[in-house]
Amino acid sequence: MNKQEILDIFLKTEALLEGHFLLTSGRHSNQYFQCALVLQYPEYNSLISGMIADHFKNHEIDAVISPAIGGIVVGQEVARQLNKKSIFAEREDKTLTLRRGFGIEAGKKYLVCEDVVTTGGSVFEVMDIVKNGGGIVAGVGFIVDRSNNKVDFGVPQFSTLQLEVKSFLPEECPLCKENKIPLVKPGSRKIK
């Protein structure tokens, strides 16, 4: 699939939103990728996550790990296609942590999967969980790269869609200055 075909899926499923959004990073943007609206359809999840699985199929990977909530569906499907186990980290007191009996096995290689990357904050947190547990980060796979390849995780990385989407510090946001469109937070993480 090419960039336009993926964008067409986002448009068809109304997953590419226009407005005034508060991103997980704390930055503001006029566009938001609600991957859950795409991933709710098994055929699209299989196709798009399959691109990530296909990219990493010849890498040595023991398991897939994802940040909750957005990365879970992607990670599970990539793991299914690679026939590897899938675990996830979730927020507890504002910090990503492993719960539910999940753990990192020392010396094992983990593929980190995420839905959308803007600054890479959640992915870097998951990478730290892997490293602090004695695991090895084998790579990072994600659906939408809002940074257009500006975020470098220092390991093999692959995204299905790279775009330069403008985002602003809150104090520099032109949408806030215009005060015409209310700021909304459509994602899963609560930000103050």
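Note that the coordinates shown come from a computational prediction; the quantities given were computed from them, not determined experimentally. (Residues numbered from 1 in each chain as written. Predicted model: local features only at pLDDT ≥ 70, side-chain atom pairs only at ≥ 80, totals over all residues. Heavy atoms only, no water.)

1. Here we look at the pattern of salt bridges
Now for step 1: For the coordinates displayed, the defined rule picks out nine salt bridges.
Now for step 2: With a closest N to O distance of 2.9 Å, D54 and K57 form a salt bridge.
Now for step 3: Exposure remark for D54: the relative accessible area of 45% places this residue in the partly exposed category.
Now for step 4: Among the salt bridges present, the one from R99 reaches E90, with a minimum N-O distance of 3.5 Å. (Salt bridge = Lys/Arg side-chain N within 4 Å of Asp/Glu carboxyl O. Buried < 20%, exposed > 50% of the residue type's maximum accessible area, 1.4 Å probe, protein only.)

2. A look at the sheet that holds strand β4 (residues 85-92)
Now for step 1: Read across the open sheet, the six strands follow the order β5-β4-β3-β6-β7-β8; overall the sheet is mixed. Looking at strand neighbours, the two that pair on one side only are β5 (95-98) and β8 (157-162), the edges of this open sheet. Sheet twist, expressed as the average angle between the axes of neighbouring strands with direction ignored, equals 25°.
Now for step 2: By the bridge criterion, eight bridges tie strand β6 (residues 109-117) to strand β7 (residues 136-145) in an arrangement that is parallel. Bridging across to β7, K109 finds its partner in I136.
Now for step 3: The sheet strands contacting helix α1 (residues 3-12) are β7 and β8, and the helix crosses β8 at an angle near 65°.
Now for step 4: Sitting on the sheet, helix α3 (residues 42-56) is in contact with β6, β7 and β8, with an inclination near 150° to β8. (Pairing = 2+ DSSP bridges. Helix = DSSP H or I, 4+ residues; strand = E, 2+ residues; numbered from the N terminus. Axes fitted to C-alpha atoms, helices over the stretch in contact; angles between N-to-C directions. Contact = heavy atoms within 4.5 Å.)

3. Description of the sheet that holds strand β9 (residues 167-168)
Now for step 1: The strand order across the open sheet built from three strands is β1-β2-β9, with neighbouring strands paired in antiparallel fashion. On the outer flanks of this sheet lie β1 (16-22) and β9, each paired with one strand and no other.
Now for step 2: Direction of pairing for β1 relative to strand β2 (residues 28-33): antiparallel, over a ladder of five bridges. Its bridge partner being in β2, E18 is matched across the sheet by Q31.

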